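Read off the chains here:
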Amino acid sequence: MAAPSTTNDRGSWNSKLGFILAAAGSAVGLGNIWGFPTQVASNGGGAFLLIYLLCSFLIGFPVMTAELTMGRKTGKNPFGAFKAIRPDSKFYPLIGLWGVICGVMILSFYTVVAGWAFSYVFAELFFFLEMPAASAWFADIGNGVLSAVLATLFMVATVGIITGGVSGGIERATKTLMPTLIGILIILIGYILFQPGAYEGIRTYLYPDFTSITPTLIFDAMGQAFFSLSLGMGALITYGSYLNKKENIPQAAAFVTLADVGIAFLAGFLIIPAMYMAQNAGVEIFNEAGQLLEEDTLVFQVLPELFHTIGMPVGLIFGVTFFFLLSIAALTSTISLLEVPVAFAIDEFGWRRKVAARVVGVGILAVSILVAFNQSLIGTFVTIFNGVGLPLGGFLICYFIAYVWKTDNALDEMELGYVNIRQSLFSKIWPLFIKIVCPLAILYVLIQKLVESFG
Ligand code: TRP
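Quick look at the structure, then. Computed from a predicted structure; not experimentally measured.

**Section: the overall build of the protein**
Right, so step 1: Helix and strand content of the protein: 17 helices and zero strands.
Right, so step 2: Relative to a compact globule of 455 residues, whose C-alpha radius of gyration would be 23 Å, the protein shows 21 Å and is just as compact.
Right, so step 3: Across the 455 residues of the protein, 58% fall into the buried class.
Right, so step 4: With 22 positive and 26 negative side-chain charges, the protein shows a spacing of 18 Å between the two charge centroids.

Below is the structure:
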């Protein structure tokens, strides 16, 4: 085995904007445009939105700052970062390793769902070209072969970008992909909001029904916030490790959090009204008990039906651009998921970036193909790795920074790019959140859920 690498194969960000777009690109993905609106719809609308916002800002933002700081301090992947701060400990690096494992497992099903999004670009295209057989073939996401081929395509694209390096690959790709995505999203919302039936959707979305707040809703909202912000498994430790010492970390984290929450919020404005419009147009969405009929396929059934009722040519344009948008959002996220185990291989085994990206990519693809043919695994993986894995990782990261590394040392690192930090309100509040509020809140939610499930 080669000596652990300190070579330029690690790379670094070229500009502050580039970093923020890459981190926002990591955050904005299927979680925002598919996961969040689906959860809102199945968890009673505005109440979920409210708890989600609380989780994102009160728990997500401090943890994001923590991850970025740890990454920049050590300049390492998650495993290496824990090891660098506590070289004498065998236990702490395992937290980072758990993160790497969560990333690998999340990526394995993420590429499959991303593949569905891409498949629907063609399903919609062929539908409007009046080629129903071709359309139905691409729309059949249960098809293992189709899912496996598309997941492979996504993995190849992701490996291609990662191979290009941090600034030349990740930064350059996300710099064009992110603005494209926001542009398309806004155009679609602009159209939807003026359609009949949209109002009912907006009401459901924004009006919280407090009686629907249950331990399950809070657990889901927290898992969703961690997933959507890409937290809890060290993706942001890794992205932070490419960050210049001059950058202001809390400010960057605030930008990224706002961008992510903002885009989820926007996506809600698109999908929730679209659901009600589709319902107005005769598409069945809720059962008699008022539950969502097809929780997992909201985006893949309700939306296409909506596009079809809109008809040519607007329906075609919207259908194709929407799923294209979803694919782009997914790609900027798969990049960050793959970058974590790749950085791990570069740092810990001294592999070249190209080799690391290809070997790790192929390894994860093997799991993806298994998932493509056994799609019930997706739900299981989501529960274990998103629902429990990420918040647990977040808890352990807080614990480690608060009681092992110490928040004061983290503030020293932040000070390098934020000179007056010691005079700021942030420096008074953030340690409190990392030491007490975040870990206790996370633990409470996990225990509540456990009690609800097994008690
Ligand atoms: N945040 C992305 C989304 O919302 C998914 C994602 C990318 C992710 N990188 C991650 C989730 C790291 C957890 C950890 O779709």
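**A look at the site of the ligand**
Right, so step 1: Taken together, 16 residues form the shell around the ligand, and within it Ala27, Gly31, Tyr110, Phe227 and Ser336 come nearest.
Right, so step 2: Taking Gly31, its main chain carries an N or O atom lying 2.8 Å from an oxygen atom of the ligand.
Right, so step 3: A total of 360 Å² of accessible area belongs to the ligand in isolation, and the protein chains cover 100% of it.
Right, so step 4: When atoms are counted within 2 Å of each cavity's grid points, the one that captures over half of the ligand is the largest cavity.
Right, so step 5: For the shell around the ligand, the secondary-structure elements that each account for two or more residues are helix H1 (16-27), helix H2 (30-42), helix H10 (215-228) and helix H14 (314-349).

**Focus on the side chain of Glu339**
Right, so step 1: Of note, Glu339 is situated in helix H14.
Right, so step 2: Judged by relative accessible area, Glu339 falls into the buried class, the value being 0%.
Right, so step 3: In this structure, Glu339 is in contact with Ile162, Val166, Ile170, Thr238, Tyr239, Tyr242 and Arg353, ignoring residues within four places of it in sequence.

**Examining empty space enclosed by the protein**
Right, so step 1: Applying the stated rule across the entire model yields two cavities of 30 Å³ or more.
Right, so step 2: Each pocket or cavity is described by its volume, and for the largest cavity that value is around 140 Å³.
Right, so step 3: Contributing to the lining of the largest cavity are 18 residues, with Ser26, Tyr110, Phe227, Ser230 and Leu337 lying nearest its centre.
Right, so step 4: Contributions of two or more residues to the lining of the largest cavity are made by H1, H2, helix H5 (92-128), H10 and H14.
Right, so step 5: Its residues placed into classes, the lining of the largest cavity shows 10 nonpolar, eight polar and no charged.
Right, so step 6: The calculated volume of the second largest cavity comes to roughly 50 Å³.
Right, so step 7: Pro78, Phe82, Ile95, Gly96, Trp98, Gly99, Gly232, Met233, Gly234, Ile237, Gly393 and Ile397 are the residues that line the second largest cavity.
Right, so step 8: It is H5 that provides the largest number of residues to the lining of the second largest cavity, a total of four residues.
Right, so step 9: When its residues are assigned to classes, the lining of the second largest cavity shows seven nonpolar, five polar and no charged.

**Side note on the packing of aromatic side chains**
Right, so step 1: Under the criterion given, the structure shown has 37 aromatic pairs.
Right, so step 2: Both rings, one in Trp98 and one in Phe385, keep their centres 6.1 Å apart while their planes meet at 35 degrees; by these two values the pair is tilted. Here Phe385 lies in helix H16 (residues 377-415) and Trp98 lies in helix H5, a separation of 287 residues in the sequence.
Right, so step 3: Taken together, the aromatic side chains of Trp34, Trp116, Tyr120, Phe300, Phe307, Phe322 and Phe323 make up a single cluster linked through ring pairs.
Right, so step 4: The ring of Tyr207 carries Arg203 above its face, with NZ or CZ at 5.0 Å from the centroid.

**Topic: the nonpolar core**
Right, so step 1: Counting residues in each nonpolar core, the largest one holds 164 residues, and the members touching the most others are Phe322 and Ile401.
Right, so step 2: Beyond its immediate sequence surroundings of up to four residues, Ile401 is in contact with Ala66, Met70, Lys406, Thr407, Ala410, Trp430 and Ile434.

**Re the layout of surface pockets**
Right, so step 1: Each pocket or cavity is described by its volume, and for the largest pocket that value is around 990 Å³.
Right, so step 2: Residue lining of the largest pocket: 34 residues in total, with Gln39, Gly379, Val382, Thr383 and Asn386 positioned closest to the centre.
Right, so step 3: Only H2, H5, H10, H16 and helix H17 (425-454) provide two or more residues apiece to the lining of the largest pocket.
Right, so step 4: Among the residues making up the lining of the largest pocket, the classes are represented as 15 nonpolar, 15 polar and four charged.

**Some remarks on the environment of Phe36**
Right, so step 1: If you trace the backbone, Phe36 turns up in helix H2.
Right, so step 2: In this structure the C-alpha to C-alpha distance between Phe36 and Gly268, which are 232 residues apart in sequence, comes to 7.3 Å.
Right, so step 3: Those residues in contact with Phe36, other than ones at most four positions away along the chain, are Gly31, Phe48, Leu49, Tyr52, Tyr205, Gln224, Ala264 and Phe265.

**Considering the packing of helix H8 (residues 166-192) against helix H12 (residues 249-280)**
Right, so step 1: In the contact formed by H8 and H12, the axes pass within 10 Å of each other and the chain directions differ by 35 degrees. For H8 against H12, the interelement crossing comes out left-handed. Between H8 and H12, the contacting residues are Met178, Leu181, Ile182, Leu185, Ile186, Leu188, Ile189 and Ile192 on the first element and Ile263, Leu266, Ala267, Phe269, Leu270, Pro273, Ala274 and Met277 on the second.
Right, so step 2: Each residue belonging to the contact of H8 with H12 can be placed in one class, and the counts come to 16 nonpolar, no polar and no charged.

**A short note on the side chain of Thr74**
Right, so step 1: Following the sequence through the fold, Thr74 ends up in helix H3 (residues 46-74).
Right, so step 2: Exposure remark for Thr74: the relative accessible area of 18% places this residue in the buried category.
Right, so step 3: With residues near it in sequence (within four places) discarded, Thr74 still touches Ala81, Ala84 and Ile85.

**Remarks on the environment of Gly96**
Right, so step 1: By secondary structure assignment, the location of Gly96 is in helix H5.
Right, so step 2: Residue Gly96 is classed as buried on the basis of its relative accessible area, which comes to 1%.
Right, so step 3: Separated by 141 residues in the primary sequence, Gly96 and Ile237 place their C-alpha atoms 9.4 Å from one another.
Right, so step 4: Among residues more than four places away in sequence, those in contact with Gly96 are Pro78, Phe79 and Phe82.

Rules used throughout
Throughout, residues of each chain are indexed from 1 in the direction in which the sequence is written. Given that the model is predicted, a residue must reach a pLDDT of at least 70 before its local features are reported, and side-chain atom pairs must reach 80 or more before they are shown or counted; all residues, however, enter totals for whole chains, interfaces and linings. Note: side-chain values were computed over all heavy atoms of the structure, leaving out hydrogens and water. Each helix is a run of DSSP H or I of at least 4 residues and each strand a run of E of at least 2, with the numbering of both proceeding from the N terminus. Here the globule rule is a power law, 2.2 Å times the number of residues to the power 0.38, and the radius of gyration is based on C-alpha atoms. Working definition: with a 1.4 Å probe on protein chains only, accessible area under 20% of the residue-type maximum means buried, over 50% means exposed, and in between means partly exposed. For the purpose of charge, His is not counted, nor are the chain termini; Lys and Arg are scored as positive and Asp and Glu as negative. Every charge is mapped to an atom, namely NZ of Lys, CZ of Arg, CG of Asp or CD of Glu. Here a residue is near a molecule or strand as soon as one of its heavy atoms is found within 4 Å of it. A 3.5 Å cut-off defines polar contacts: any pair of N or O atoms within that distance qualifies, except that in protein one atom must be a possible hydrogen donor and the other a possible acceptor, and neighbouring residues in sequence count only when both atoms are side-chain atoms. All accessibility values rest on the Shrake-Rupley procedure with a 1.4 Å probe; residue burial counts only the protein chains present in the view. As defined here, a cavity is a set of points on a 1 Å grid over the protein atoms alone where a 1.4 Å probe fits but cannot get out. A pocket is an open set with protein on both sides within 12 Å along at least five of seven lines, and residues line them when an atom is within 4 Å of a point. What decides whether a molecule sits in a cavity or pocket is whether more than half of its atoms lie within 2 Å of the grid points. Residue contacts follow a heavy-atom distance rule, with two residues in contact if any of their heavy atoms lie within 4.5 Å. Grid points are joined across faces, edges and corners, and a volume is the space filled by probe spheres set on the points. Gly counts as polar in this scheme, as do all residues outside two lists: the nonpolar Ala, Val, Leu, Ile, Met, Phe, Trp, Tyr, Cys and Pro, and the charged Asp, Glu, Lys and Arg. Any two of the Phe, Tyr and Trp rings considered here, Trp counted by its six-membered ring, make a pair once their centres fall within 6.5 Å; the pair's planes then place it as stacked at under 30 degrees, edge-to-face at over 60, or tilted in between. By the criterion adopted, a ring carries a charge over it if an Arg CZ or a Lys NZ lies within 6 Å of its centre and within 35 degrees of its normal. As used in this record, nonpolar core signifies buried Ala, Val, Leu, Ile, Met, Phe, Trp, Tyr and Cys residues forming a set joined through side-chain atoms within 4.5 Å. A fitted line through C-alpha atoms serves as each axis, taken over the contacting stretch for helices, and the angle formed by two N-to-C directions is quoted from 0 to 180°. The crossing is said to be left-handed when, going from far helix to near helix, the turn is anticlockwise and less than a right angle, and right-handed when the turn is clockwise.

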